[in-house]
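# Structural overview for review
Letter by letter, the chains look like this.
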Amino acid sequence: MSTILFPTDFSDAATRAFIYALQLADRLEAKIITLHVFEKPDISGLIQVPKNLEEFYNSIDLYEFDNYKDAVPLLDKIQDEQGLNHLSVVHTLHEGDTEETILERAIAEKADFIVMGTTGARGLKEIILGSVAGEVLENASCPVLAIPEQAVFDGKIDNIAFTTAFQPQEKKGLDKVLQLFEAFSPQVHCVNVDLAHTEEYHHRMDVFSADFVENDNVAFHVLDGTDFQTVLTKFLEEMEIDIVAMVTEKRSFLEELFHYSKTKALSYHSRTPILSLPAVSL
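Residues numbered from 1 in each chain as written. Predicted model: local features only at pLDDT ≥ 70, side-chain atom pairs only at ≥ 80, totals over all residues. Heavy atoms only, no water.

## Regarding the overall build of the protein
In terms of regular secondary structure, the protein is built from eight helices and 10 strands. The 282 residues of the protein split such that 50% are buried. In the protein, 81% of the contacts between residues at least 6 apart in sequence involve partners at least 24 apart. If you sum the accessible surface of the protein, you get close to 14,100 Å²; carbon and sulfur atoms cover 47% of it. (Helix = DSSP H or I, 4+ residues; strand = E, 2+ residues; numbered from the N terminus. Buried < 20%, exposed > 50% of the residue type's maximum accessible area, 1.4 Å probe, protein only. Contact = heavy atoms within 4.5 Å. Areas by Shrake-Rupley, 256 points an atom, 1.4 Å probe, with all protein chains shown as cover.)

## Some points on the confidence of the model for the protein
Confidence along the protein averages 82 in pLDDT terms, with 80% of residues attaining 70 or more. Summarising per-element confidence for the protein, the mean pLDDT is lowest in helix H8 (residues 260–269) (55) and highest in strand E1 (residues 2–7) (96). Considering only residues more than four positions removed or in separate chains, one finds that residues 121–130, a stretch of pLDDT under 50, has 15 contacts. Low pLDDT, under 50, characterises residues 251–260; the predicted model gives this stretch 30 contacts beyond four residues in sequence or across chains. (pLDDT = per-residue confidence, 0-100.)

## As for the sheet that holds E1
The strand order across the open sheet built from 10 strands is E3-E2-E1-E4-E5-E10-E9-E6-E7-E8, with neighbouring strands paired in mixed fashion. At either margin of the open sheet sits one strand with a lone partner, and together these are strand E3 (89–95) and strand E8 (218–224). Each neighbouring strand pair of the sheet contributes to a mean axis angle of 25°, computed without reference to strand direction. In the sheet, strand E6 (residues 159–163) pairs with strand E9 (residues 243–248) via three bridges, with the strands oriented parallel. Bridging across to E9, Ala 161 finds its partner in Val 244. On top of the sheet, helix H6 (residues 200–209) reaches strand E7 (187–194) and E8; it is set at about 165° to E8, its chief contact. Sitting on the sheet, helix H7 (residues 228–238) is in contact with E6, E7, E8 and E9, with an inclination near 155° to E7. (Pairing = 2+ DSSP bridges. Axes fitted to C-alpha atoms, helices over the stretch in contact; angles between N-to-C directions.)

## Digging into helix H1 (residues 12–28)
Its 17 residues place the ends of H1 25 Å apart at the C-alpha level, agreeing with the 24 Å of an ideal helix rising 1.5 Å per residue. Along H1, the residues that are buried comprise Ala 13, Ala 14, Ala 17, Phe 18, Tyr 20, Ala 21, Leu 22, Gln 23, Leu 24 and Ala 25. Of the residues trailing H1, Glu 29 is marked for its positive phi of about 55°. (Expected span 1.5 Å × (residues − 1).)

## Thoughts on the packing of aromatic side chains
By the definition in use, this model includes nine aromatic pairs. Centroid distance Phe 113 to Phe 181: 6.4 Å. Interplanar angle 75°. Geometry classified as edge-to-face. With Phe 113 in strand E4 (residues 113–118) and Phe 181 in the loop between helix H5 (168–180) and E7, the pair connects residues that are 68 residues apart, well separated along the chain. Taking the centre distance of 6.4 Å and the plane angle of 55° together, the rings of Phe 181 and Phe 184 count as tilted. The residues Phe 181 and Phe 184 share a single accessibility class, namely buried. Through pairs of rings, three or more aromatic residues link up here, namely Phe 166, Tyr 201, Phe 208, Phe 212 and Phe 220. (Phe/Tyr/Trp six-rings, centres within 6.5 Å; stacked < 30°, edge-to-face > 60°.)

## Quick notes on a negative patch on the surface
A cluster of like negative charges, contributed by Glu 39, Glu 95, Asp 97, Glu 100 and Glu 104, occupies part of the molecular surface. With respect to the helices, strands and loops of the structure, Glu 100 is situated in helix H3 (residues 98–108). For Glu 100, a relative accessible area of 46% translates into the label partly exposed. (Patch = residues over 30% accessible without salt bridge, like charges linked within 9 Å, V, L, I, M, F, W, Y side chains within 5 Å. Salt bridge = Lys/Arg side-chain N within 4 Å of Asp/Glu carboxyl O. Lys, Arg positive; Asp, Glu negative; His and termini not counted. Charge placed at Lys NZ, Arg CZ, Asp CG, Glu CD.)

## Concerning the side chain of Thr 248
With respect to the helices and strands, the residue Thr 248 is situated in strand E9. Residue Thr 248 is classed as buried on the basis of its relative accessible area, which comes to 7%. There is a polar contact of 2.9 Å between the side chain of Thr 248 and the side chain of Ser 276. (Polar contact = N/O pair within 3.5 Å; in protein donor to acceptor, adjacent residues only side chain to side chain.)

See below:
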C-alpha cells in the first residue's frame, strides 16, 4: 500500500487540500498520514526565565494537543462527507521546525507522496504557509502536490500539463506522472515555452517525444511567448488543466526556462495544483 503524507495546519486551504489527498488515496489504494507540526518559542537565550513565561512555555504542549484534538474531527467529517470512510487515515502530531519535520516524517514514514495546501502571499499567515509549501516543493525526496486555496477538486483529473526543457530525467518524470495518475486516465500535455522564438525548440520537442509516440494519452506542445507565467497560465486555462507537473532539481532546476522560483511562484498564485517530481526520486 502506498503512503500519502498530508501536512496540515487546519486552515481552510489545508482543509480543501485534504479532499485531494482523500481522492488520490482512494484511486491509488493508499493510506494517509496527517501531520500537524507545532513549534515552541525559543527561550534558551534568557538568563532567567520568569515563572509566568516558564508556565506558558510548559503549557504549549497541552494547548497544542487540545487544539489538535478539536481539529481532527473536522478531517474525519470531511472523510465521511466524501464517502471514503474505508480509507486508512492516521493522525499525527509532532513538535519541531515545520519544514524540517515534514521532510523528516516523509522519510520516516516512507511516503510515496506529499499532499499539502498552499496560499497566496497576502499576509503573515499566508507567507508562513506559502513559504513552507515552497520549501517542501524544493527539498522533498518524494513527489509533492501543492494545492492552492482556490483549487476545487471535482473528482476527476482529465488533463495534466507536464513542463519540460528536454532534459533526460524528464522522460522518467513523464513516465512517473503516467504511472501515478493511471487510475484517472488523464491526457498529459507535455509543454515547453519558447521564449527564444526559434525552430530549435520544435525540433527538440520532436526528439523528446519520440519515446512516447505510441502513447495516445500524451500530447506535445511548444508555446511561443515572451513571459513564462503569462503563456503557461493561458494554456492552463484554455486546456482546463487539473495539475501542472514538473521535474525539480535543487538549485539547478532548469535555470533559464523553468527556474525553481517560477515553480514556487506558480504554487502561490495559480489556481492549478503543482506537482513537483524531485529528480533524485526518479
